[in-house]
Amino acid sequence: MKHPHWWTLDVEAPFTIGPRELPGRVWTASGCFAYGLTGHDIAAQDIDSPYAGIGAVVTKTVTPQPRPGNPMPRLVEMPVGAINSIGLENVGFEAFIAETLPALAELAVPTVVSLAATRPEEFGSMVAELHAAGRDMPTWHGVELNLSCPNVAEGGHDFGSSPETVAACVAAARSHLPDRALIAKLTPNVARVAPLAAAAAEAGCDAIAAINTVVGLDVDLKTGRPVLPRRFGGFSGAGIRPIALAKVDEIVREVGIPVVGIGGIDTAEDALKFFALGCVAIQVGTAQMRDPFAAARIVQDLRRAES
Amino acid sequence: MGLLTPTTWDLTGRVTANAPVSSGLLRLDVELPRSVTFEPGQFAMLNLTGAGQLVFRRPFSILASDGRTMSFLYRVVGRGTERLADLEPGEAVDCLAPLGKPFAAPDAATPPVVILAGGVGLPPLHAWLSRHGRPGDLACFGGRDGGDVPWSLLSDEWRVSVDRDVDIPAGRQAHHGLVTELALSELERDGDPGPRLVMACGPTPLLRAAAMLARDRDWPCLVSLEEHMGCGYGVCKGCVVPVRLDGPGDSGWRNANSCTEGPVFDAADLDWERFGAHHATGGAA
């Protein structure tokens, strides 16, 4: 990849989000890399490890109670992405704290824990417990509040679309998180995202992650019905990149809070577009499902660009 | 599970052959930059490179691995396999393999095996029989008709059944009917066959029939599922299947990743009532 003249950032140099440093600016996105590769051994000839150069792994979202997730089918591949309706399947917060968090402590890469809930006080109590459990875990960097997952029935995609709700959730989490990063992940499914970002910033978050998936639906022409049992899901992948870039630009220019860019980043060139708009870091989502080394390869390509 | 599985490699290989082996089935041979070992039942996630790249790789059971060449069998059923069928020798293929839990190798306590392979479900069982088959094992393949059967892959030890009794090549034989019927008639020819281990891969009706055949006789049964997958390596939760929490009789269930906890499952662990029509579509799209 050709090195653009304006590109001076070292994505593997330590930088700060919240009170602590992270080792890199390319992360894996929530829901696309589970809790890292526990129990797996995946190798490639051109790169050391799926974690090489990665700044953080954002976990699959954890909810207060275990969730079995949505009925199958859960994925619809589109020409430029995919619509998912996984439904936040996860083991629940209690099992996460007891079993998953200790496993994450063994990873060489920092962890950002993604949390979802339906009420601000649930965010508050989860963050308080997480803080108690993770206080001595040096690689626990912080929390990403999933305020925007479009395929959870209770709340749905409207949950994170009111500035008041966003502010209440961020404030509840912030009050229990004095010394780790707090990131609010926002929905793109609103006319204007800057008011949400401003509310989150005002309530004390350290950065905004944008965007989550775009509400989408596909129809099975054989049946005439939506492919997904819940009709709509979250559209991700290359097709949402222009939407993501527009929403990121709106936040960066109007709110001035650090932004972690997400949305259809497949390659180093895609990542550069987000950095060009002022993102402090980026996350790799759908591409990571196709390629366990996707984020690491983006780092590798950005490194080549700097030499 | 305690199974020691080989390291998964992410490699870009080159197509060395991509041609029909029957009216409906194609064989793809990919030469990889290094040799990759696998256990029968494991699969690979394949994708095209460059402009033809699919959003998600597609899962294919491994038919064989010879040196650096890995072989697969597929049927054209959707956008992914359509693009795969267009690949010419020399073109690049991304390959993540091996993945998933295999069919276990037999030990002294393993009873003789009954193999039930339906259509594109042949590779894992063909690989198992080639590597682990013992005298007394019974291998049965079911195809749509004589033209659909990949005869060149099936040695004489394979029994064959077809839904439509046409296009059977000279010198070969095929039972007209279900592959489970064929297996039972072979097994019961000389009276009570004694305990067997049933191993099946193919369309959902075949898997259900295999599980029922085994359950009725109190035989163990392993099935290899062919779910649509997103990632294939356990991170996306897009290929889950319902399994019983504590084995037969328990009313609880949970979702299991068919990519990492399967694709081979003990049929008694699967919750067949919840295993809906959307499951096991008979191969990757």
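A.B. asks: Can you help me understand the side chain of T187(A) in this one?
C.D. replies: Following the sequence through the fold, T187(A) ends up in the loop between strand 10 (181-185) and helix 4 (194-202). A distance of 2.9 Å separates a polar atom in the side chain of T187(A) from the backbone nitrogen of N189(A).

A.B. asks: Quick question: what am I supposed to make of the sheet that holds strand 7 (residues 113-118) of chain B here?
C.D. replies: The pairing of strands in a sheet comes from backbone hydrogen bonds and takes either a parallel or an antiparallel form. Residues and elements named next belong to chain B. Across the sheet, which stays open at both edges, the 7 strands sit in the order 10-9-8-7-11-12-15 with mixed pairing between neighbours. For this open sheet the edge positions go to strand 10 (175-176) and strand 15 (264-266), each flanked by a neighbour on one side alone. Both strand 7 and strand 8 (residues 138-145) contribute to a ladder of 5 bridges, which runs parallel. By the bridge assignment for strand 8, I115 is matched with A139. Contacts from helix 3 (residues 179-187) reach strand 7, strand 8, strand 9 (158-164) and strand 10, with the element oriented near 145° to strand 8. Of the strands in this sheet, strand 7, strand 11 (197-201) and strand 12 (221-224) touch helix 4 (residues 204-217), which is tilted by about 175° from strand 11.

A.B. asks: Mind showing me how you'd approach the environment of A44(A) here?
C.D. replies: Mapped onto the fold, A44(A) is located in strand 4 (residues 42-44). As for A44(A) and L182(A), which are separated by 138 residues in sequence, their C-alpha atoms are 34 Å apart. When near neighbours in sequence (up to four residues on either side) are disregarded, A44(A) contacts F293(A), R297(A), W9(B) and D10(B).

A.B. asks: Looking at this structure, how should I read the interface of chain A and chain B?
C.D. replies: Accessible area lost during the coming together of the parts is what is often quoted as the interface size. At the junction of the two partners, chain A supplies 33 residues and chain B supplies 32 residues. Surface buried jointly by chain A and chain B totals about 2700 Å² across both partners, of which 57% is contributed by carbon and sulfur atoms. At the surface where chain A touches chain B, the tally comes to 4 salt bridges. The salt bridge partner of K237(B) is E89(A), with a shortest N-O separation of 3.7 Å. Counting residues per element, the ones that place at least two in the side of chain A that touches chain B are strand 4, strand 6 (75-78), strand 7 (81-84) and helix 7 (286-290) of chain A. Among the elements that take part in the side of chain A that touches chain B, helix 7 of chain A stands out by supplying 4 residues, more than any other. Considered class by class, the residues forming the side of chain A that touches chain B number 19 nonpolar, 6 polar and 8 charged. Pairing analysis gives 3 bridges linking strand 4 of chain A to strand 1 (residues 8-20) of chain B, with the strands arranged parallel. Across the sheet, the residue bridging to A44(A) is D10(B), located in strand 1 of chain B.

The rules behind these values
- Residues numbered from 1 in each chain as written.
- Chains lettered and ligands numbered in written order.
- Predicted model: local features only at pLDDT ≥ 70, side-chain atom pairs only at ≥ 80, totals over all residues.
- Heavy atoms only, no water.
- Helix = DSSP H or I, 4+ residues; strand = E, 2+ residues; numbered from the N terminus.
- Polar contact = N/O pair within 3.5 Å; in protein donor to acceptor, adjacent residues only side chain to side chain.
- Pairing = 2+ DSSP bridges.
- Contact = heavy atoms within 4.5 Å.
- Axes fitted to C-alpha atoms, helices over the stretch in contact; angles between N-to-C directions.
- Buried area = accessible area lost by both parts, 1.4 Å probe.
- Salt bridge = Lys/Arg side-chain N within 4 Å of Asp/Glu carboxyl O.
- Nonpolar A, V, L, I, M, F, W, Y, C, P; charged D, E, K, R; others polar.

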